[in-house]
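Structural description and commentary
Letter by letter, the chains look like this.
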Amino acid sequence: MEYISKQIKKDFMKNKSYVLVIVLMALFTTSMYLFIRYSVDKNVKNVNEYIQEYNQEDFRFKVDVFYDGQLRQNIIKKYNISEKDINKYGMETIVKNRNIDVSEFETQLAQKLGSKYSFMFAKRSIKKTVSGDKTYYFINNLTDINKTNLLEGRLPKKDDEIAVLPEYAKKNGVNIGDTIKINDTTYTITGYIYLPDYIAFVPYGELEQTFDNASFVIAGGNTFNLISGNLTEYFCGKYNGNVDVEAVKSNINNNKSFKYFEEASKIDGDSLPTMGLNSNISLAFTFLLSFLVVSVYVYSMFYKKFIGLYRKKFGLYKALGFTVDKVVKVLLRCTLPYIFIGSILGTVTGYFLSSVLVNRFVETYCFDGFTKGCNISTYAFGIFLLPAINIIVIL
């Protein structure tokens, strides 16, 4: 056995190109798979923990106060709306033309619905203000659902204080303590913030924004009420514990008091990062499968050519009584160490390459927890899969 081992290993090492191909295939396959998984595995967990810590909404909704009979009557009574006008113009037209604020009634209806369907809620208010070539989305500060994530500094307290997204500050060369002018008012930046319901910078009803010329803004004092801009309001909801979510959603969809209802998983601001990470997991397996197909072909051709090149010697080994199993074991001893070397090099290479994707996540999303790292099972899968494939091919 020692004789055949020395001979085959000697012949194997004569063909440096074969050795190089075996190492490179393992390196490319492992590095391309782990390159993506390094940027995904820990971040799926990090994003989920962030969502839980800051109590990200489960859904958004708007209500129709005119569908609720009691609230409809309360509005009619409070604003002295006649039945004649209702029949002639309709409630919604009258409310719009008379500029009647029904927000308090909407909140009352949301409370009734929350009690009925077992969910907590909060009102989200956003004012879009354009100043020069910049767009600012002033947004109210929430403390129960979609809790504001204060990254640095403090939240604003005075009318002339604001907190902004850190990427906006970086792109525009301003820091905490600096001032910026929005229309005719000068504000001091007191802190940097992220919002768990806008991990992707896609304001409600808007296209995705860039940090160069736009930012969410939390303002202090009474600034939100004083500043002019296009106002958008909706409710964000969070199911109470131990509820049958599917049953509740079914009931909500059949209740006409909800004129708008959308789950967080279908809202870009909430779900794009998670969708992106999950998409990259699929991409990693696509890369892996593609390279495995190529590897199977390359390894098959290697063994075919190697055995063909030394066909007489292999015939001699057989004549001397060496079984196929013994020859296979020797070949595996020659190739497996180099496949492991390639896989380990691929693991290291993938780690450094993953910085590209991680940095892309950091630049794209409003989340400060992106890191590099893999699950132990991912490491094992990436390192041991090709050796296993090599064994299957030779068998």
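This is a predicted model, so every value here is computed, not measured. (Residues numbered from 1 in each chain as written. Predicted model: local features only at pLDDT ≥ 70, side-chain atom pairs only at ≥ 80, totals over all residues. Heavy atoms only, no water.)

**Side note on the packing of helix α2 (residues 16–37) against helix α13 (residues 324–364)**
Under the convention used in this document: Each axis is a line fitted through C-alpha atoms, and for a helix only the stretch in contact is used; angles between axes span 0 to 180 degrees, taken between their N-to-C directions. Helix and strand labels come from DSSP, where a helix needs a run of H or I of at least four residues and a strand needs a run of E of at least two; each type is numbered from the N terminus. Note on convention: the crossing is left-handed when the near helix lies turned anticlockwise from the far helix by less than a right angle, right-handed when the turn is clockwise. Side-chain classes are defined by residue name, with Ala, Val, Leu, Ile, Met, Phe, Trp, Tyr, Cys and Pro counting as nonpolar, Asp, Glu, Lys and Arg as charged, and the others, Gly among them, as polar.
Between α2 and α13, whose axes approach to 6 Å, the crossing angle comes to 35°. Where α2 crosses over α13, the two elements pack in a sense that is right-handed. Counted by class, the contact of α2 with α13 contains 13 nonpolar, 10 polar and no charged residues.

**So, the packing of α2 against helix α14 (residues 376–394)**
Short version of the rule: In this scheme, roughly parallel covers angles under 35 degrees and roughly antiparallel covers those over 145, while 65 to 115 is roughly perpendicular and the rest are oblique. Here a residue-residue contact requires only that any non-hydrogen atoms of the pair lie within 4.5 Å.
Where α2 contacts α14, the axes come no closer than 9 Å and their chain directions differ by 165°. Judged by the angle between their axes, α2 and α14 are roughly antiparallel. Note that α2 runs across α14; the crossing there is right-handed. Along its contact with α2, which presents Met25, Ala26, Thr29, Thr30, Tyr33, Leu34 and Arg37, the element α14 presents Thr378, Phe381, Gly382 and Leu386. Across the contact of α2 with α14, the residue classes tally to six nonpolar, four polar and one charged.

**So, the packing of aromatic side chains**
Spelled out, the test is: The criterion for an aromatic pair is that two Phe, Tyr or Trp rings (for Trp, the six-membered ring) have centres within 6.5 Å, with stacked assigned to planes under 30 degrees apart, edge-to-face to planes over 60 apart and tilted to the rest. Categorising residues by exposure relies on relative accessible area from a 1.4 Å probe, with only protein chains included: less than 20% of the type maximum marks a residue as buried, more than 50% marks it as exposed, and the intermediate range marks it as partly exposed. Put simply, a charge is over a ring when the Lys NZ or the Arg CZ is close to the ring centre, within 6 Å, and near the line of the ring normal, within 35 degrees.
Enumeration according to the criterion identifies 36 aromatic pairs in this entry. With centroids separated by 5.3 Å and ring planes inclined at 85°, the aromatic side chains of Tyr18 and Phe302 adopt a geometry described as edge-to-face. Here the residue Tyr18 occupies a position in helix α2, and Phe302 occupies one in helix α11 (residues 268–309), the gap between them amounting to 284 residues. Judged on exposure class, the residue Tyr18 and its partner Phe302 are both buried. Each member of the aromatic cluster is reached from another via a ring pair, and the members are Phe59, Phe61, Tyr117, Phe119, Phe121, Phe235, Tyr239, Phe258 and Phe261. One Lys or Arg, Lys127, reaches over the ring of Phe224 and ends 5.4 Å from the middle of that ring. The ring of Tyr351 has Lys372 sitting right over it, with the charged end atom 4.0 Å from the ring centre.

**Observations regarding the pairing of strand β5 (residues 161–164)**
Spelled out, the test is: One bridge is not enough; two strands pair if DSSP finds at least two bridges between them.
Across the two faces of β5 the burial is the same, with Glu161 and Ala163 and Ile162 and Val164 all buried. Where β5 meets strand β7 (residues 185–194), four bridges bridge the pair, whose relative direction is parallel. Along β7, the bridge assignment pairs Ala163 with Gly191. In this sheet, strand β8 (residues 214–219) lies alongside β5 in antiparallel orientation, the contact comprising three bridges. Note on β8: the bridge partner recorded for Val164 is Val217.

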